[in-house]
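Coordinates in review
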Amino acid sequence: MTTRTEQSSPLPVPSEGHAAPAAATDALCKTYGSGDTRVQALKEVTVAFESGKFTAIMGPSGSGKSTLMHCLAGLDSADSGSIRVGGTDITALGDAQLTRLRRERVGFVFQAFNLVPTLTAEQNITLPIALGGGKVDTEWLDYIVASLGLAERLKHRPHELSGGQQQRVAVARALLTRPDVVFGDEPTGNLDSRSGAEVLALLRRSSQEMGQSIIMVTHDPVAASYADRVVLMNDGRLVGDLASPDTDSVLSALAGLGA
Amino acid sequence: MLTVALAEVKAHARRFVAVGIAVMVAVGFLTATLMVNASSEASLANTVGAGFRNADLVIAPGPDEPLEPAAAESAAAASAATGGVAQTYLQRQAYIAFGAAGTAGFGVLQNLSKDTALNPAELLRGSWPAAGEVAVDEATAKRLQLAEGATLRLAPAGGSVAAESLAAGRDLTVSGIIEPSNDPLTMGQPQFLAPDAILDGLSPAESPAAVLNIQLGLADGADAGTVRDAVGAAVSAAGLRGATVNTAAEHTKERVAGLTGGSDPITPVLLAFALVAIFVCGLVVANTFSVLVAQRTRDLALLRCIGADRKQIRRSVLVEALLVGTLSSVAGVVVAMALMAGLVGWLRQQPDTAFAALAIPPFAVPLGAGAGILMTVLAALAPARAATAVAPLAALRPFEEARAGNRKGRARLWIGLVLTAAGAVVLGLGAARASLLVALPGGLLSFIGLLMCASVFVPPLVSAAGAPARAFGVPGRLAAVNAVRNPGRTSATATALLIGVTLVAMMMTGAQTARTAFDSELATQYPVDVSIAGPAMDGTALDARDAAAAAEYDGVAAAGLVTPAGFAEVDGMRTGVYRLLPEQKRLLQDQTLVLDDESVLMAEGSGVATLTVTGSRGEKELTVVETGSMAFPPLVSAAVADEVGAPAAGSPDALPQLWLAVDRDLDAAALMQLRADLAAGLGVEEYQLSGAAIERAAFNQVIDVLLLVVTGLLAVAVLIALVGVANTLSLSVLERTRESALLRALGLTRRQLRGMLALEAVLVAGVAALIGIALGVLYGWLGAQSALGAFATVAPDVPWLQLGSVLAVAVIAGLLASVLPARRAARLSPVEGLATA
Ligand SMILES: Nc1ncnc2c1ncn2[C@@H]1O[C@H](COP(=O)(O)OP(=O)(O)O)[C@@H](O)[C@H]1O
Ligand SMILES: [Mg+2]
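Residues numbered from 1 in each chain as written. Chains lettered and ligands numbered in written order. Predicted model: local features only at pLDDT ≥ 70, side-chain atom pairs only at ≥ 80, totals over all residues. Heavy atoms only, no water.

1. What about the domain arrangement of chain B?
Domain boundaries in chain B define domain 1 (66-241), domain 2 (453-526 + 691-837) and domain 3 (531-665 + 672-681). Measuring from the centre of the C-alpha atoms in domain 1 of chain B to the corresponding centre in domain 2 of chain B gives 59 Å. (Domains from an automatic or database assignment.)

Shown next as structure tokens:
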């Protein structure tokens, strides 16, 4: 049984360039359904996310935030336009290559159901590396685990952890591979405000101290205020861009969308 | 609540497909079984009626009271005179010897009816025989290459060699070719039809041709019932006693009943296997419904929240079971009927079984479907009870992994343990005393007990087997964990498979052990592999040229002609004593036997210390050395034979024998072929070849056929269990959609996902098969010991190759079972998977 790495052509090497964005799209379009139920989720979205920065994507429900993130992360394919992750054009990659991309170059923190219930916290954290058959950088692991305050919880199963702890485990997992970019889809949506604040502070610290690029989808202005930059979306388009946002500026920008 | 149940079945029809298939197969098997007896009786009726196919009324002898020829003649005459009777045919039959073109044999000769309309066979070519003529059945005509106009010699069947009888026969001309009769009493034998005069001429006065029956044809417009009564009166008036007058249809029914003895040995056996299949199916159904209920915990809790009471919940689950059970049971009955119709249709196409007929007894349909529905509902009872235990609060709790609670199982475990222990003791006792009647209930009891305890030992074993899977990295580790994630589910799935595999392995080991026991027993029963007793069919004794010819056959290791050395008085009978040449000693089964010039080798239990051998020149008293064999002719050395002087050649009570040693690696089929070839080549009848190798081959063939049939029947249960494996896996995969999507998002490739699920299925199926094989070997050996221990020493003999292929089949089937669920899981994109709440 071959359950090891899939034999496929190697990932395209990122083209060398100065200050390549962590992720970028060019005229990205995505349509769901057909006929009456046709929904244009993304309408020619062109956006670049700087490397080493923590960016939040905001917008009303149904504006296409999740769709954009799924396309950027290689979880979903676009209809037209192009997507680059860490300088690699991933628009035309097949499933096997996208899978490797996700395993090696991208990290995820989802809103819920982030962890495999049958694995311990530690096994969950090292899962992407184990999937690729790689070796865990134990020093890095220890550093992340310590800085996320998970050292005491490594042998626990997900159901023995609180919601906040579970999300922190997910963050640790996302950081461990030093990915080009970490994606978060409402990573604090299921948490109470204190746990949420903890996780958000962690994400900001990873970006500031470790230079980790992070793209986070949220509809919470408080959450967005932790980011270096907020990108606003409405009805499948980019409609705004805030640098160094705070809660108030985000709120007023959102109010401008009529949301 | 009915609407809920209906909606559930409709919305999740796919989840019920596998269970439906399992029920369908089990019900189909059961229903087909119920149709076998009726169909074989109907087929038999077709053959039994062949001899009076054209008659309207049949006057037949009563049981144990053959028709007196003279009385039958007058009864026939009286019948002919009865109003409404148009034709009469007094059917008679004699056994005769025939010869044509250098071939001789025995067959049956029947008389021709004076009224052609009542002739008991169909004329295919030529004409009905007149004086000096005979009609031959097509099969025989083909074999003897006889056409119309050819000459055939018929003679009364005198001795045991057809060729010898022929001297007293007469030559007849073949007038026509008739269709071979399928009547069970004559089927397969050479059949001839000739006018009465010829039959009379060929049946000696001391054994006249037997009267089979008197057949009557009715005049146009005559009423069968009225004429039957009139003929009945006429027949008794004519003095024919014990006879019955029946219509042809009634007579057929009576004869079928007489032939089957009213009993039906096949159906109970088939029924036992069908019940095993139904039981296994019940396990699969129960498991499926437990999984479905577990998956619907939140829905059920919601129903409870909005006011559904426990009874309603239970009823809702049972209604689902009823629905699924009814649909698939009906489908099963239909499939069974279609299968049987197809089978019978195919048989009808075959020349040897053209008489096959399909009969569906009225009870088969409701019984088959009813059993399936009942089984499904019963199997759903426990899951339905589990559904009622769902607390309304569960709806409000966030989704959690269902933890398998094991509180209720405790009582079952204890009962199972006690049953296992008690059964094992009884089984051991049965084996020790070599009593199958004791061992059988013991084995059954212990097996049921083990099945009840399956949840104790199956999950740990699967877990242990999963340890090496860690070598496959994360997917392997996850597969090993997932395989025992729901221990109850895993044991139920494995148990269903384990039952079939245990029974198959038991049969295989039992057969192999019995074979070995029988082989070693046979080795001592017969002096040599094959011995051929003379004379040849042409009456000549076997000679050295025959020995040389036999040695040339492929598979014959050595051959020797053992000639008489003289005679001796054994048990008051004049018995031939044979000479064993030194180079012939290697032909003997028992190579430890020593033959010197002062002793004679004799069969076991001769009861004498010395034997006096008398030859043509003198006699000699020899010390008896008993061999282990029961069928050992007295053997003396060449020197002794020379001393007493060999008797004149051709003495009929001491004909030379041809002894053969055959190659050790010859299998049963090859041996049977060798036997046929040798018989044909040496011009002897097959029965004249006997010996350890022949007996062994015959026994092995019987065992092989039985094993094949039994394995085929058990395969149904195994198939159902494998459907269960696929079903459990696919339900578990559904349950783990989000988890699979997460793993995919994190970098698990499609192939890794498929491999993971395949490994999970292989673990469960493989461990179930291994446990089943281990149990089967144990049961098979103990069973063989119980059945045969009284006659032979039974050493366990494990058919590794067969058991290995059982394991391979289980593993491959496990792999296949994972294909569909894995494909579905792998097709799902991570985004979609994460979206399903
Ligand atoms: N799988 C899908 N099928 C059809 N329409 C979809 C699907 N996913 C999202 N959409 C539609 O695309 C639009 C954007 O969705 P999404 O990206 O999830 O928005 P957001 O995350 O901003 O709430 C919405 O109108 C949504 O209804
Ligand atoms: Mg969204």
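2. Re the environment of R675 of chain B
Residues and elements named next belong to chain B. Tracing the sequence through the fold places R675 in helix α20 (residues 668-682). Taking relative accessible area as the criterion, R675 reaches 16% and is therefore assigned buried. Each C-alpha atom of the pair R675 and E685 lies 9.8 Å from the other, and the pair is 10 residues apart in sequence. Those residues in contact with R675 that sit more than four places away from it in its chain are E686, Y687, L689 and I694. (Helix = DSSP H or I, 4+ residues; strand = E, 2+ residues; numbered from the N terminus. Buried < 20%, exposed > 50% of the residue type's maximum accessible area, 1.4 Å probe, protein only. Contact = heavy atoms within 4.5 Å.)

3. Remarks on the sheet that holds strand β19 (residues 657-662) of chain B
Consider a sheet: its strands pair through backbone hydrogen bonds, and that pairing is either parallel or antiparallel. As summarised here, the arrangement of the four strands in space is β12-β19-β11-β20 (chain B), forming an open sheet in which the pairing is antiparallel. Whereas interior strands pair on both sides, the edge strands pair on one side only; in this sheet they are β12 (556-562) and β20 (689-690) of chain B. (Pairing = 2+ DSSP bridges.)

4. Quick notes on the site of ligand 1
Residue and element names in this part refer to chain A. By nearness alone, every residue bordering ligand 1 is listed as Y32, V39, A41, P60, S61, G62, S63, G64, K65, S66 and T67. At a separation of 3.0 Å, an oxygen atom of ligand 1 approaches a polar backbone atom of K65. At the level of secondary structure, the elements contributing two or more residues to the shell around ligand 1 comprise β2 (39-49) and α1 (65-72). In the shell around ligand 1, the residues fall into four nonpolar, six polar and one charged. (Near = heavy atom within 4 Å. Polar contact = N/O pair within 3.5 Å; in protein donor to acceptor, adjacent residues only side chain to side chain. Nonpolar A, V, L, I, M, F, W, Y, C, P; charged D, E, K, R; others polar.)

5. Quick notes on the UniProt feature "domain: ABC transporter" (unreviewed entry) in chain A
Summarizing the sequence annotation, UniProt attributes the feature "domain: ABC transporter" (unreviewed entry) to residues 23-254 of chain A in the numbering used throughout. For residues 23-254 of chain A, the end-to-end C-alpha separation is 24 Å, with 36% helix and 26% strand making up the annotated structure. (UniProt positions renumbered as here; feature names shortened; annotations may be inferred.)

6. What about the side chain of N119 of chain B?
Residue and element names in this part refer to chain B. Note on placement: N119 falls in the loop between β3 (103-111) and β4 (123-126). Look at N119 and you get buried, because its relative accessible area is 1%. Not counting chain neighbours up to four residues away, the residues in contact with N119 comprise R53, N54, L112, S113 and W128.

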